[in-house]
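Coordinates in review
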Amino acid sequence: MAKKVIDLYYSSDCEPCHDVVDRVKNGRFASDLEGDVGVNLVDISTEEGFAEVEKQNLEKVPTARHEAKTCQIHIDEDLDAVMFTCTEEGNAPEEEAPAASTEPKS
């Protein structure tokens, strides 16, 4: 069975993103998806990453998506890990991690 991938959109200028990305880079994440799950980090401050922002119509970072659905992001301080909730039942309109606008800085 193929690995399921969660795309995590972030910006190096986004303070809340650092807590999420640092944990993911250290393998400190879990999700409610069944099977083997990986996280693809997408830096929106790159040309390729910004193109994805426009394509996905993202309004804030950090944002996690799996198969065109937005996942909830939560940092579990006790486990020192990021939790991604991507199933229909678990989707919430707002993520618990603070978000920063994807608008380019002037």
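First, a word on scope: everything that follows refers to the structure included in this document. (Residues numbered from 1 in each chain as written. Predicted model: local features only at pLDDT ≥ 70, side-chain atom pairs only at ≥ 80, totals over all residues. Heavy atoms only, no water.)

1. Considerations on a negative patch on the surface
On the surface, Asp13, Glu15, Asp19 and Asp22 cluster together into a patch of negative charge. By the secondary structure assignment, Asp22 is in helix α1 (residues 15-25). On the accessibility criterion, Asp22 (42% relative accessible area) is partly exposed. (Patch = residues over 30% accessible without salt bridge, like charges linked within 9 Å, V, L, I, M, F, W, Y side chains within 5 Å. Areas by Shrake-Rupley, 256 points an atom, 1.4 Å probe, with all protein chains shown as cover. Salt bridge = Lys/Arg side-chain N within 4 Å of Asp/Glu carboxyl O. Lys, Arg positive; Asp, Glu negative; His and termini not counted. Charge placed at Lys NZ, Arg CZ, Asp CG, Glu CD. Helix = DSSP H or I, 4+ residues; strand = E, 2+ residues; numbered from the N terminus. Buried < 20%, exposed > 50% of the residue type's maximum accessible area, 1.4 Å probe, protein only.)

2. Details of the pairing of strand β3 (residues 37-43)
With five of seven residues buried, β3 is to be regarded as a mostly interior element. Sheet topology places strand β1 (residues 4-10) next to β3; seven bridges connect them, and they run parallel. From the neighbouring strand, Lys4 faces β3, where its bridge partner is Val37. (Pairing = 2+ DSSP bridges.)

3. Some details on the nonpolar core
Among the nonpolar cores identified, the biggest contains 24 residues, and Ile6, Leu8 and Phe84 are the most heavily contacted of them. Of all the elements in the fold, those that place two or more residues in this core are β1, α1, β3, β6 (69-76) and β7 (81-85). Apart from residues lying up to four places away in sequence, Leu8 is in contact with Val20, Val21, Val24, Val39, Asn40, Leu41, Val42, Pro62, Thr63, Ala64, Ile73 and Phe84. (Core = buried A, V, L, I, M, F, W, Y, C linked by side-chain atoms within 4.5 Å. Contact = heavy atoms within 4.5 Å.)

4. Observations concerning unusual backbone geometry
Excluding glycine, residues mostly carry a negative phi; peptide bonds, for their part, are mostly trans. In this structure, Pro62 follows Val61 across a cis peptide bond, with omega equal to 0°. Here Pro62 lies in the loop between β4 (60-61) and β5 (63-66). Residues other than glycine seldom take positive phi values, yet Ala68 does so here, at roughly 65°. Checked against the element boundaries, Ala68 lands in the loop between β5 and β6. Overall, the relative accessible area of 60% leaves Ala68 in the exposed class. Although it is not a glycine, Asp80 adopts a positive phi angle of roughly 55°. You can see Asp80 is positioned in the loop between β6 and β7. The class for Asp80 is partly exposed, based on a relative accessible area of 36%.

5. Here's the deal with the sheet that holds strand β2 (residues 29-31)
Sheet architecture is open: six strands sit in the order β2-β7-β6-β5-β1-β3, paired in mixed fashion. The two strands at the open ends of the sheet, each matched to only one other strand, are β2 and β3. When strand polarity is set aside, the average angle formed by the axes of neighbouring strands in this sheet is 30°. Here three bridges tie β5 to β6, and the two strands are oriented antiparallel to one another. In the strand pairing of β6, His66 is matched with Lys69. Each of β1, β3 and β5 touches helix α2 (residues 47-56); the most contacted strand, β3, lies at about 105° to it. (Axes fitted to C-alpha atoms, helices over the stretch in contact; angles between N-to-C directions.)

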